[in-house]
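The chain contents come next:
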Amino acid sequence: MSDPISTEDHGPVRIIWSDNPPVNALGAAVRQGLVREIEAAEADDAVEAVVIACKGRTFFAGADISEFGKPPVMPWLPTVVDRIEACEKPVVAAIHGTALGGGCEVALGCHYRVALPSAKLGFPEVNLGLLPGAGGTQRGPRVAGVELALQMAVTGKPVSAQVAADAGLVNRLVEGDLIEHAVAYANEVKDTRPLPRSSQRDDRLQDVDPSIFEEFKKKNAKLFRGDVAPAANLELVRIATEKPYEEGVIAERNKFMELMVGDQAKARQYFFFAERKASKIEGVSDDVQPREIKRVGVIGAGTMGGGISMNFLTAGIPVTIVEMNQEALDRGTGIMRKNYDSTARKGRMTPEQVEQAMGLLKPSLNFDDLAECDLIIEAVYENMDVKKDIFGRLDGIARKGAILASNTSYLDINEIAAATSRPQDVLGLHFFSPANIMKLLEVVRGDKTADDVLVTAMAIAKKIRKVAVIAGVCYGFIGNRMLIPRQLEAEKLLMEGATPQQVDKVHVEFGMPMGPFQMADLAGVDIGWHRDPSRIESIRDALCAIDRWGQKKGAGFYDYDENRRPSPSEKVQGIIDDFAKQKGIEKREISDQEIIERTLYTMVNEGAKILEEGKAQRASDIDVVWVYGYGWPVYRGGPMYWADSVGADKIVEGLKRQQERLGDKFSFSQLLLDKAEKGEKFTR
Ligand code: 3HC
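Residues numbered from 1 in each chain as written. Predicted model: local features only at pLDDT ≥ 70, side-chain atom pairs only at ≥ 80, totals over all residues. Heavy atoms only, no water.

## Side note on the overall build of the protein chain
When you go through the protein chain residue by residue, the secondary structure sums to 28 helices and 19 strands. Here the C-alpha radius of gyration of the protein chain, 28 Å, is about what a compact globule of 684 residues would show, namely 26 Å. Based on the C-alpha atoms only, the size of the protein chain along its principal axes is roughly 90 × 60 × 50 Å. Per-residue burial for the protein chain yields a buried fraction of 55% across its 684 residues. A separation of at least 24 residues holds for 73% of the contacts in the protein chain among residues at least 6 apart in sequence. If you sum the accessible surface of the protein chain, you get close to 29800 Å²; carbon and sulfur atoms cover 51% of it. Taking the average location of the 87 positive side-chain charges in the protein chain and that of its 100 negative ones, the two points are 1 Å from each other. (Helix = DSSP H or I, 4+ residues; strand = E, 2+ residues; numbered from the N terminus. Rg over C-alpha atoms; globule rule 2.2 N^0.38 Å. Buried < 20%, exposed > 50% of the residue type's maximum accessible area, 1.4 Å probe, protein only. Contact = heavy atoms within 4.5 Å. Areas by Shrake-Rupley, 256 points an atom, 1.4 Å probe, with all protein chains shown as cover. Lys, Arg positive; Asp, Glu negative; His and termini not counted. Charge placed at Lys NZ, Arg CZ, Asp CG, Glu CD.)

## Topic: the pattern of salt bridges
Applying the stated criterion to the full structure yields 51 salt bridges. A salt bridge links glutamate 282 to arginine 618; the nearest nitrogen and oxygen atoms lie 3.7 Å apart. On the criterion of sequence distance, the pair formed by glutamate 282 in the loop between helix H12 (263–277) and strand S10 (296–299) and arginine 618 in the loop between helix H24 (592–612) and helix H25 (619–630) is long-range, its members being 336 residues apart. Glutamate 606 is the salt-bridge partner of arginine 481, the closest N and O atoms lying 2.8 Å from each other. (Salt bridge = Lys/Arg side-chain N within 4 Å of Asp/Glu carboxyl O.)

## Section: the sheet that holds strand S7 (residues 120–122)
A sheet is described by the order of its strands in space; here 3 strands give the open sequence S5-S7-S8, paired in mixed fashion. Across the chains shown, the open sheet's two edge strands, defined by having one partner strand only, are strand S5 (98–100) and strand S8 (159–160). Two elements, S5 and S7, share 3 bridges in a ladder whose sense is parallel. In the strand pairing of S7, alanine 99 is matched with leucine 121. Of the strands in this sheet, S5 and S7 are in contact with helix H3 (residues 102–109), which crosses S5 at around 90°. (Pairing = 2+ DSSP bridges. Axes fitted to C-alpha atoms, helices over the stretch in contact; angles between N-to-C directions.)

## Thoughts on the packing of aromatic side chains
Inspection of the entire model under this criterion finds 16 aromatic pairs. Between phenylalanine 272 and phenylalanine 273, the aromatic rings sit 5.1 Å apart at their centres with planes inclined by 90°, giving edge-to-face as the arrangement. Since its relative accessible area comes to 36%, phenylalanine 273 is described here as partly exposed. Centroid distance phenylalanine 510 to tryptophan 642: 5.2 Å. Interplanar angle 90°. Geometry classified as edge-to-face. (Phe/Tyr/Trp six-rings, centres within 6.5 Å; stacked < 30°, edge-to-face > 60°.)

## Overview of the pairing of strand S3 (residues 49–54)
With 6 of its 6 residues buried, S3 lies for the most part within the structure. Taking the sense of rotation as the criterion, the β-α-β connection linking strand S2 (residues 13–18), helix H1 (residues 28–43) and S3 turns out right-handed. Two strands pair when backbone bridges link them, and S3 and strand S4 (residues 91–95) are joined in this way by 3 bridges, in the parallel orientation. Within S4, the residue paired with valine 51 across the bridge is valine 92. The parallel pair S3 and S4, bridged by helix H2 (residues 77–86), forms a crossover whose chirality is right-handed. (Right-handed = clockwise from strand over helix to strand, strands pointing away.)

## What to know about unusual backbone geometry
Look at the link from arginine 193 to proline 194: it is a cis peptide, with omega at -5°. Of note, proline 194 is situated in the loop between helix H7 (178–189) and helix H8 (211–219). The omega angle of the peptide bond from serine 433 to proline 434 is -10°, so this bond is cis rather than trans. Structurally, proline 434 can be placed in the loop between strand S15 (426–431) and strand S16 (440–445). The backbone of arginine 465 sits at a positive phi, close to 65°, despite the residue not being glycine. Here arginine 465 lies in the loop between helix H18 (451–463) and strand S17 (467–472). A positive phi angle, close to 60°, is found at arginine 564, a residue other than glycine. Position of arginine 564 among the secondary structure elements: in the loop between strand S18 (558–560) and strand S19 (566–568).

## Things to note about the packing of H2 against H3
Two elements in contact, H2 and H3, have axes separated by 8 Å at closest approach and are oriented at 25°. Looking at the two axes, H2 sits roughly parallel to H3. The way H2 lies across H3 gives a crossing that is right-handed. Contacts from Leu77, Val81, Ile84 and Glu85 in H2 reach Gly102, Glu105, Val106 and Gly109 in H3. Broken down by class, the residue content of the contact of H2 with H3 amounts to 4 nonpolar, 2 polar and 2 charged. (Parallel < 35°, antiparallel > 145°, perpendicular 65-115°, else oblique. Left-handed = near helix turned anticlockwise from the far one by under 90°. Nonpolar A, V, L, I, M, F, W, Y, C, P; charged D, E, K, R; others polar.)

## A look at the pairing of S10
Burial along S10 is two-sided: the residues Val296 and Val298 and Gly297 and Ile299 are all buried. Here S10 runs beside strand S13 (residues 375–378); their pairing, made up of 4 bridges, is parallel. Bridging across to S13, isoleucine 299 finds its partner in glutamate 378. Two elements, S10 and strand S11 (residues 319–322), share 4 bridges in a ladder whose sense is parallel. Its bridge partner lying in S11, valine 298 is registered against isoleucine 321. Regarding the hand of the β-α-β motif, the stretch spanning S10, helix H13 (residues 303–314) and S11 is right-handed.

## Some words on the nonpolar core
For soluble globular proteins, the rule of thumb is that nonpolar side chains tend to be buried together. Among the nonpolar cores identified, the biggest contains 94 residues, and Leu394, Ile478, Phe557, Ile622, Trp626, Trp632 and Leu672 are the most heavily contacted of them. Among the elements that line this core, the one with the most residues is H24, at 9 residues. Two domains each donate at least three residues to this core, and these are domain 2 (296–475) and domain 3 (498–582). Residues in contact with leucine 394, not counting those within four places in the same chain, are Ile299, Phe367, Leu370, Ile376, Leu404 and Arg422. (Core = buried A, V, L, I, M, F, W, Y, C linked by side-chain atoms within 4.5 Å. Domains from an automatic or database assignment.)

## Digging into the domain arrangement of the protein chain
We note that the domain assignment places domain 1 (5–261), domain 2 (296–475) and domain 3 (498–582) within the protein chain. One C-alpha centre belongs to domain 2, the other to domain 3; they are set 31 Å apart.

## Some remarks on the site of the ligand
Contacts to the ligand come from 25 residues, most closely from Arg57, Gly102, Glu105, Glu125 and Arg276. One of the side-chain nitrogen or oxygen atoms of arginine 57 is found 2.5 Å away from an oxygen atom of the ligand. Alanine 61 is positioned with one of its backbone polar atoms (N or O) 2.9 Å from a nitrogen atom of the ligand. Taking 980 Å² as the accessible area of the ligand by itself, protein coverage stands at 75%. Of all elements in the fold, only S5, H3 and H12 reach the threshold of two or more residues within the shell around the ligand. The element contributing the most residues to the shell around the ligand is H12, with 3 residues. Among the residues making up the shell around the ligand, the classes are represented as 13 nonpolar, 5 polar and 7 charged. (Near = heavy atom within 4 Å. Polar contact = N/O pair within 3.5 Å; in protein donor to acceptor, adjacent residues only side chain to side chain.)

Following this line, the structure appears as structure tokens:
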């Protein structure tokens, strides 16, 4: 492998270049090269200042994650950063792209930082279950101030170069040629002594109100639930304000090592690569080029259609949205504007950006207007006949090569595609509600979907900042298909003696954002209901029949006050008890472990069936669906990774223990049984 580190002299300024595609991760060769060249520059009398810069798309995006868990190769990153900071000649970081994690720490080791306005700086280590482990928790607050450093380390969200410059983390923002400016800056500071060393500063640590940490925790309570890394990051920033630098870095190192060997970090690191793998389509060559999407059409301006449209508008792609009547069209576009305005009020968009996005929207009552679109997404209600009718009509008007997509959550894409004369152009694009916010997109591959249609879907997903996963055609695809057994078991548990609160509590304690009944109330208990109040076959039917459709009606499995705060419902308990009596089910004490086995183990079993039927490309894709679509705690990796950590044999044992209660329809996945027998894993 060629050396990723090289140098180039510009008069008295030496540029140390890193060229380690794709993201200049700080792997062993980069670390070794940086130390070698800093030492050489220091020893060379002709060199008066140094610039550290990166080729390609970004400044160092962090430590090389693929090295984690392998035997360490020296020097460590902390040693590299210390060596840069100790250099007796000024060192300037020239930042473009993303200076993340170890990359931001290298920048902090430099005496000065110059950045393009488009650059971003951040500490995403928390997303890998870690903390900045090369001095970042101690240098960060000293340079950027405690507030910004705390926010960066605990949330993992990068900040813009402008925010970094306002806080002092970037010394100079430069437009145009970054290297030219960085060299000029190095020339300006080449005689400055003493050099500003981040570790030796403590001016930004004076007068810090210690309550900042508790306040931050209170304000961001959700981040800390069940997850160890955010608390560790907060603690280390606090230590920076209380202890000398030398003690702080020792505490940082110890905590880093402790986190690194923990289960949560391993799960998160697994997930980092799982997410990236999801975009790769098996059996499709890298040479397949995406079709060009210049305008998108959306059929239906309801909640889903509106949310879907906003994704494209925000990304600068014009949308034609079609409805049946003016009232529905006005209502839909009105909600879109309201959502944008609310984003602007929160400071996440400027009013100009809102106008720009809304300016790209063409509302229409004329179906024929879709003829100008390159991708048309149908987002009307779930009814096969209606969808087939729409696709038949689309076939008549869409231009040749246009991609026709359905946002169905359950229905058969092959059947929908068969309503057209071009099934190769048809696929499912299953967005999750609220569609403008949720990251997940299930891309449903029909039997005849063309490769370049899939490639286009994955490319457009990236453009609108979604994480896309390929799913095969089956009822509910990946996510909802696994949700079904979970919801069914949860409801059965109620009749056997559990309460909605108990089942939900077990799920929330597991790390889910909400339990099955909280979710049903939020999404609408009536979703998928047959709409015949006289036909009562389940607790759900009984609730729907008396208008308890969930939060939107102020009542569902729970009662809700005017602020949508839930409380247990006696009425619901009565319905459950009546039902149990009617069915002759005896109530008994239900343990939390049984709830896990009945609801989560059954999900794993369904996930294994999805895999053995080839409806998901890989186990890790199932995990991506559940983390991004349903809030499965990422520190548990996803249901299939979690199953591996429990052990397939234990899952099978648990299911067998519950088998009698799971009912007639329960069938084991052969793949799960095989894994259990052979002691194999799904994900590793
Ligand atoms: N180490 C190893 N590989 C990395 C990497 C890293 N830090 N960051 C990205 N990659 C790889 C990805 O796996 C992917 O590989 P593939 O093409 O084989 O799938 C490739 O680089 C491109 O990555 P993306 O698809 O994510 O490219 P994007 O352009 O969408 O995003 C990015 C670029 C914003 C840099 C994003 O990759 C990212 O966020 N990377 C991780 C950054 C990070 O977490 N850094 C902290 C590392 S931990 C650390 O530094 C510890 C230290 O404190 C001691």
